[in-house]
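# Coordinate analysis (summary)
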Amino acid sequence: MLELNISQNNNTYTSAYGKYFARVEYKKTMSIDDMAKHMAEHNTPFSVGTIAGILNEKNQIIFVFLLAYSYLCSENEYYKP
């Protein structure tokens, strides 16, 4: 879970003095099952199992893309898609 907090810059030695910025505060890490349960509670027609399956599939696809990218980088020294 993430929480955004608004804070004012009080450092007088920067051009950002007096400006407000959003800062992210991490509250906890959610598992895929916890994320699926949370998403299912927010007006979706999908079941918890369907959402968990989609999230698991997304993770597998990202993993394959990262492996392919690292292979291309190691073979070509410099890879530009």
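Definitions and cut-offs
Residues numbered from 1 in each chain as written. Predicted model: local features only at pLDDT ≥ 70, side-chain atom pairs only at ≥ 80, totals over all residues. Heavy atoms only, no water. Patch = residues over 30% accessible without salt bridge, like charges linked within 9 Å, V, L, I, M, F, W, Y side chains within 5 Å. Areas by Shrake-Rupley, 256 points an atom, 1.4 Å probe, with all protein chains shown as cover. Salt bridge = Lys/Arg side-chain N within 4 Å of Asp/Glu carboxyl O. Helix = DSSP H or I, 4+ residues; strand = E, 2+ residues; numbered from the N terminus. Buried < 20%, exposed > 50% of the residue type's maximum accessible area, 1.4 Å probe, protein only.

### Concerning a nonpolar patch on the surface
On the surface, Leu-2, Leu-4, Val-24 and Tyr-26 cluster together into a nonpolar patch covering about 500 Å² of accessible area. Its location among the elements puts Val-24 in strand 2 (residues 20–26).

### Considering the pattern of salt bridges
Two side chains that carry opposite charge are able to pair once their charged atoms sit near each other. Summed over the entire model, instances satisfying the criterion amount to two salt bridges. The residue Lys-27 makes a salt bridge to Glu-3 at a minimum N-O spacing of 3.7 Å. On the criterion of sequence distance, the pair formed by Lys-27 in the loop between strand 2 and helix 1 (32–40) and Glu-3 in strand 1 (residues 2–8) is long-range, its members being 24 residues apart. For Lys-27, a relative accessible area of 48% gives the class partly exposed. Judged by its relative accessible area of 33%, Glu-3 is partly exposed. Taking the shortest distance from any N to any O, the salt bridge between Lys-27 and Glu-25 comes out at 3.2 Å. Because the salt bridges share partners, they merge into one network encompassing Glu-3, Glu-25 and Lys-27.

### Let's talk about unusual backbone geometry
The backbone of Asn-43 sits at a positive phi, close to 50 degrees, despite the residue not being glycine. By the element assignment, Asn-43 lies in the loop between helix 1 and helix 2 (48–76). Residue classification places Asn-43 among the exposed residues on the basis of a relative accessible area of 81%.

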